[in-house]
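# Structural description and commentary
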Amino acid sequence: MSQHQIHYEVLNSRNTKENERHWAIEVHATQRELQTFDESGYLVREKLFQGHDLKRLRNALDQLEERERETRDDAVSNKRGWGFIPRYLMDKEPVFLELLKFQPVLSIARAMMGPLVRLRGLSARISYPGEDHRQQTPWHQHLRVISNPLPPWFSRPHCLDALIYLDDLNIDTGPVSIVPGSHNWLDREVPTDAYEPIAEEVEICVPAGSAVLIHGNLWHRALPTLKTKRRMLILSYTPTWLRKSPHGGPQPEDGLTKSFLEEADLEEQMLLGVGGYS
């Protein structure tokens with residue numbers, strides 16, 4: 001995988017320390033890939049996790065699924081059909097906390113949004129075999145806060161969501177379908193509860209351990225999971241000043257990130273929502 005380096009200087013007179021003011025980012029992508037990502041709203045990264053690393057993620061999610069079985073059963077029976085979506089994964093399993101500074105994703109987030117980014121969340125979605133609408137998701141986007149008309153000082157929200165698939169993404173598990181460039185559609189919104197194909201859409205299939213990086217406002221949907229359970233992680237980053245995701249209820253009081261923050265360095269604190277503001 002080709003890489004290149006970006007040097008940032010944060011123009012804030014309060015930043016007197018070198019590691020607060022100057023950033024050297026080793027980006028896990030080419031400049032051309034970043035340009036294409038900007039234009040299309042998505043970037044595919046195949047087999048980021050393989051072998052033992054992939055197995056650890058699968059095992060951790062399977063254990064979490066078993067512990068939260070009652071919540072899972074309630075979610076799967078819900079007619080909304082989004083499957084089981086456990087949240088706050090970094091507070092629940094150490095292996096997920098290791099993804100906090102996962103450079104193949106974090107470095108691209110910083111290349112697209114600057115050095116001051118924070119974790120918006122790490123959640124998962126587990127979809128189970130079935131043939132009705134309960135096993136797929138409608139067209140949706142993740143940052144639904146665009147005003148029409150746009151005011152003169154409109155601040156457009158940006159977010160990088162890495163959809164990390166722990167199982168092969170194919171017709172049996174349900175491909176992800178995206179509409180390239182739709183993250184730039186600032187004059188329209190996603191139709192409610194719509195599952196029908198859109199002319200511009202692209203279906204993506206990737207091997208297990210791969211990630212599909214998307215802008216948070218890219219239109220996308222998950223096709224039906226027909227034969228095999230599909231496990232997916234959603235690793236998200238935003239600028240530090242954008243508040244964290246409101247979904248999933250309160251953060252666990254005894255979560256792993258609480259004790260981790262006690263000895264975290266400046267970068268880790270910022271990634272977990274402490275600092276990085278004007």
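On a predicted model such as this, the values are computed, not experimentally measured, just so you know. (Residues numbered from 1 in each chain as written. Predicted model: local features only at pLDDT ≥ 70, side-chain atom pairs only at ≥ 80, totals over all residues. Heavy atoms only, no water.)

### Notes on the overall build of the chain
The criterion, for reference: Note on conventions: DSSP H or I runs of at least 4 residues are helices, E runs of at least 2 residues are strands, and numbering of each starts at the N terminus. In this treatment the radius of gyration is a C-alpha quantity, and the globule benchmark scales as 2.2 Å times the residue count to the 0.38 power. Any residue under 20% of the maximum accessible area for its type is buried, any over 50% is exposed, and the rest in between are partly exposed; the area is computed with a 1.4 Å probe on protein chains only. We call two residues in contact when some of their heavy atoms are within 4.5 Å. Areas reported here follow the Shrake-Rupley algorithm with a probe of radius 1.4 Å; residue values treat only the protein chains shown as occluding. For the purpose of charge, His is not counted, nor are the chain termini; Lys and Arg are scored as positive and Asp and Glu as negative. A single reference atom marks each charge: NZ on Lys, CZ on Arg, CG on Asp, CD on Glu.
Helix and strand content of the chain: eight helices and eleven strands. Relative to its length of 278 residues, the chain is compact, with a C-alpha radius of gyration of 19 Å against a globular reference of 19 Å. For the chain, the proportion of its 278 residues judged to be buried stands at 50%. Sequence-distant contacts, at least 24 apart, represent 83% of the contacts inside the chain between residues at least 6 apart. Just so you have it, the chain exposes about 14200 Å², and 49% of that area is on carbon and sulfur atoms. Here the chain carries 33 positive and 39 negative side-chain charges, and the mean point of each set is 2 Å from the other.

### A look at the nonpolar core
This is how it is decided: What we call a nonpolar core is a set of buried Ala, Val, Leu, Ile, Met, Phe, Trp, Tyr and Cys residues that are connected through their side-chain atoms within 4.5 Å.
Formed by 51 residues in total, the largest nonpolar core has its most connected members in Phe96 and Leu233. Sorting elements by how many residues they give to this core places helix H6 (residues 103-113) first, with six residues. Those residues within four positions of Leu233 in sequence are excluded, and the remaining contacts are Leu57, Leu61, Leu89, Phe96, Leu99, Leu122, Ser123, Ala124, Ala162, Leu163, Ile164 and Leu166. Residues Val176, Ile214, Leu218 and Ile234 belong to the second largest nonpolar core, which totals twelve residues.

### Quick word on unusual backbone geometry
Here the bond from Asn148 into Pro149 is cis, since omega is 5°, no more than 30 degrees from zero. Tracing the backbone through its elements, the reader meets Pro149 in the loop between strand S5 (137-140) and strand S6 (160-165). Look at Lys47: it is not a glycine, yet its phi comes out positive at around 55°. Tracing the sequence through the fold places Lys47 in the loop between strand S3 (42-45) and helix H3 (51-67).

### Re the side chain of His183
Rules: Pairs of N or O atoms are called polar contacts if they sit within 3.5 Å, as long as, within protein, a hydrogen donor faces a hydrogen acceptor (for residues adjacent in sequence, only side-chain-to-side-chain pairs).
Tracing the sequence through the fold places His183 in the loop between strand S7 (176-178) and strand S8 (202-204). A relative accessible area of 4% places His183 in the buried class. Here the side chain of His183 touches Asp38 through a polar contact of 2.9 Å, landing on its backbone oxygen.

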